[in-house]
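Structural overview
What follows is the residue order along each chain.
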Amino acid sequence: MMIPPVDLGTQYRGLKTHIDAAFQDILNSGTFILGPHVAAFEKAFASYCSVDHAIGVNSGTSALHLALLGLGIGPGHEVITCAHTFIATVEAIAYTGAKAVLVDATPDTCEMDVTRIEAAITPNTRAIIPVHLYGQPVDMDPLVEIARARNLPIIEDAAQAHGSTYKGRKVGSLGTAACFSFYPTKNLGAYGEAGAVVTNDPELAERIRCLRSHGERARYHHDLVGYNYRMSAFQGAVLNIKLPYLDEWNTQRRHHAEAFTKLLADLPLTLPVEAPYAQHVYHLYVVQSDQRDALYDALRASQIIAGIHYPIPVHLAPAFADLGYEPGSFPVAERLAKEVLSLPLYPEMSMEQIERTVVVVRGFLEAH
Ligand SMILES: Cc1ncc(COP(=O)(O)O)c(C=O)c1O
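Each chain carries its own residue numbering, running from 1 in the written order of its sequence. Given that the model is predicted, a residue must reach a pLDDT of at least 70 before its local features are reported, and side-chain atom pairs must reach 80 or more before they are shown or counted; all residues, however, enter totals for whole chains, interfaces and linings. Here the side-chain values reflect all heavy atoms present in the structure, with hydrogen atoms and water set aside.

**A short note on the pattern of salt bridges**
When charged atoms on two side chains of opposite charge get close, those side chains can pair. Think of a salt bridge as a Lys or Arg side-chain nitrogen and an Asp or Glu carboxyl oxygen that are within 4 Å of each other. By the definition in use, this model includes 14 salt bridges. Where E42 meets R209, a salt bridge forms, and the shortest distance between an N and an O atom there is 3.4 Å. In this pair, E42 is assigned in helix α2 (residues 35-48) and R209 in helix α7 (residues 202-212), connecting sequence segments 167 residues apart. Exposure classes here rest on a 1.4 Å probe applied to the protein chains alone. A residue is buried below 20% of its type maximum, exposed above 50%, and partly exposed in between. The exposure class of E42 is buried, given its relative accessible area of 10%. Secondary structure is summarised from DSSP: a helix means a run of H or I of at least four residues, a strand means a run of E of at least two, and numbering begins at the N terminus for each.

Written out as structure tokens, the structure reads:
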């Protein structure tokens, strides 16, 4: 039997009655975009993140784009983020006409190295985007201190970290605004594309609300050049039904991660580190090995599907050649791109599946 990287079918079967009923309600109502299901989710998600406002949009990438635009970021500006992230973080900066300035990652938590931020700031810097990669928050206190001293907003990229906490505080409430993706495989996933921006700033929330729907403040009154970035009613309904289960699913992920860590501890493999300030929600369980590609193949040969997040660091992607970086610019990100491997991990995973994965990893490493 194959062990997939995620299992969305089992989760759906558990929630089927509620989801099917909500979809039927939407089909009968004819309100397919925004509407009461999205409004209810926005309210519940803002409260979950301990913030005042949530704005539902059509993807995490759109959420980042609108957060940047809402803060007035555009041509001539620079935005600092990490070289080891999913490409969307940097794409959103490019959409605004601003330039992405990258910093290297830390070798253990694989996240933005906040000790490198200060050196990356220039007179053109207008924002910082920490990425809470793999489900663990960036070390926010030193970052907030640097940003405050220079009056720079922080936009959290929380696309992989729904429900994780930093020193007991929820991600999403740690900066000026935060962006979430609800791509189906995320810890809180929709059944299509969806995302949200959350913030405590009422004016920023209002601008983002306006920008997500053609710059309208009232129907056909266009105050800004906006976008069609609205959330689908079907996605709002799915997310609203799933949100109450998020903490339980995150707890299951943490248990599975603990089991992996215990069973893999004696092997020549770098295991994920939970920072003392963090509660990791293990969107991904990422190990590091200098034999990554061969290990990936060995797992695949045993029908265990691992992932690689991500094989090419942003600064070496042809799409971002114009940022002017080169091989060697960010040595940690470059090494991680060669060595990271995401083992299958999802709430519905069984102990037997975890043990089978460990047997294959152990067998490979003992033979090589
Ligand atoms: C770190 C990060 N940022 C942004 C995004 C973009 O989200 P979406 O795929 O919903 O556009 C993702 C999604 O995979 C992500 O992992």
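**Topic: the environment of A44**
Mapped onto the secondary structure, A44 falls in helix α2. Judged by relative accessible area, which is 28%, A44 ranks as partly exposed. Expressed as a C-alpha distance, the spacing of A44 and G74, which sit 30 residues apart in the sequence, is 32 Å. Dropping the residues within four chain positions of it, A44 is found in contact with N240 and L243. In what follows, residue pairs with any heavy atoms lying within 4.5 Å of each other are defined as contacts.

**A few points about the sheet that holds strand β7 (residues 169-170)**
Pairing is antiparallel in the open sheet, where three strands are placed in the order β7-β6-β12. The open sheet is flanked by β7 and β12 (278-279), the only strands paired with a single partner. When DSSP finds at least two bridges between two strands, those strands are taken to pair. Note: strand β6 (residues 165-166) against β12, two bridges, orientation antiparallel. From the neighbouring strand, Y166 faces β12, where its bridge partner is A278.

**Some details on the side chain of E156**
Looking at the element boundaries, E156 is found in strand β5 (residues 155-157). In this structure, E156 is buried with no salt-bridge partner, the nearest side chain bearing the opposite charge being R169 at 7.8 Å. Ignoring anything within four residues of it in the chain, the contact list for E156 reads P130, H132, M140, V171, G172, S173, L174, G175, A177, A178 and C179. Under the counting rule used here, the positive set is Lys and Arg, the negative set is Asp and Glu, and His together with the chain ends is not counted.

**Remarks on the packing of aromatic side chains**
Where two aromatic rings form a pair, the distance of their centres and the angle of their planes describe that pair. Ring pairs are drawn from Phe, Tyr and Trp, using the six-membered ring of Trp, whenever the two centres fall within 6.5 Å, and their geometry is named by plane angle: stacked under 30 degrees, edge-to-face over 60, tilted for the rest. In this structure the tally under the stated criterion is 15 aromatic pairs. Pairing F45 with Y48 gives two aromatic rings, centres 6.3 Å apart and planes at 15°, and the pair type is stacked. You can see F45 and its partner Y48 sitting in helix α2, three residues apart, about one turn around the helix. Here the two residues F45 and Y48 agree in accessibility, since each one is buried. Pairing F86 with Y310 gives two aromatic rings, centres 5.5 Å apart and planes at 35°, and the pair type is tilted. Taken together, the residues span a long stretch of sequence, with F86 in the loop between β2 (78-82) and α4 (87-95) and Y310 in the loop between α10 (292-301) and α11 (331-339) at a distance of 224 residues. Y310 gets classed as buried once you look at its relative accessible area, which sits at 15%. Grouping aromatic residues by their ring pairs yields a cluster made of F41, F45, Y48, F180 and F182. Whether a charge lies above a ring is judged from NZ of Lys or CZ of Arg, which has to be within 6 Å of the ring centre and within 35 degrees of the ring normal. Over the ring of Y48 we find K170, and its NZ or CZ is 3.9 Å from the ring centre.

**A short note on the domain arrangement of the protein chain**
How far each domain reaches was decided by an automatic or database domain assignment. You can read the domains of the protein chain as domain 1 (8-104 + 111-244) and domain 2 (246-367). Here the C-alpha centroids of domain 1 and domain 2 sit 25 Å apart. By buried area we mean the combined loss of accessible area, with a 1.4 Å probe, across both parts when two parts are placed together. In total, about 3100 Å² of surface goes out of reach between domain 1 and domain 2, with carbon and sulfur atoms giving 61% of it. Between the two partners, domain 1 and domain 2, sit zero salt bridges. Polar contacts, as counted here, are pairs of nitrogen or oxygen atoms within 3.5 Å of one another; within protein the pair requires one atom able to donate a hydrogen and one able to accept it, and residues that are adjacent in sequence qualify only if both atoms are side-chain atoms. Taken together, the links from domain 1 to domain 2 amount to 19 residue pairs in polar contact (both at pLDDT 80 or more). Elements that contribute at least two residues to the side of domain 1 that touches domain 2 include exactly α1 (8-29), α4, β3 (99-103) and β6. Looking at which element gives the most residues to the side of domain 1 that touches domain 2, the answer is β3, with five residues. For this scheme, ten residues count as nonpolar: Ala, Val, Leu, Ile, Met, Phe, Trp, Tyr, Cys and Pro. Four count as charged, namely Asp, Glu, Lys and Arg, and the remainder, Gly too, count as polar. The residue makeup of the side of domain 1 that touches domain 2, split by class, is 19 nonpolar, 13 polar and seven charged.

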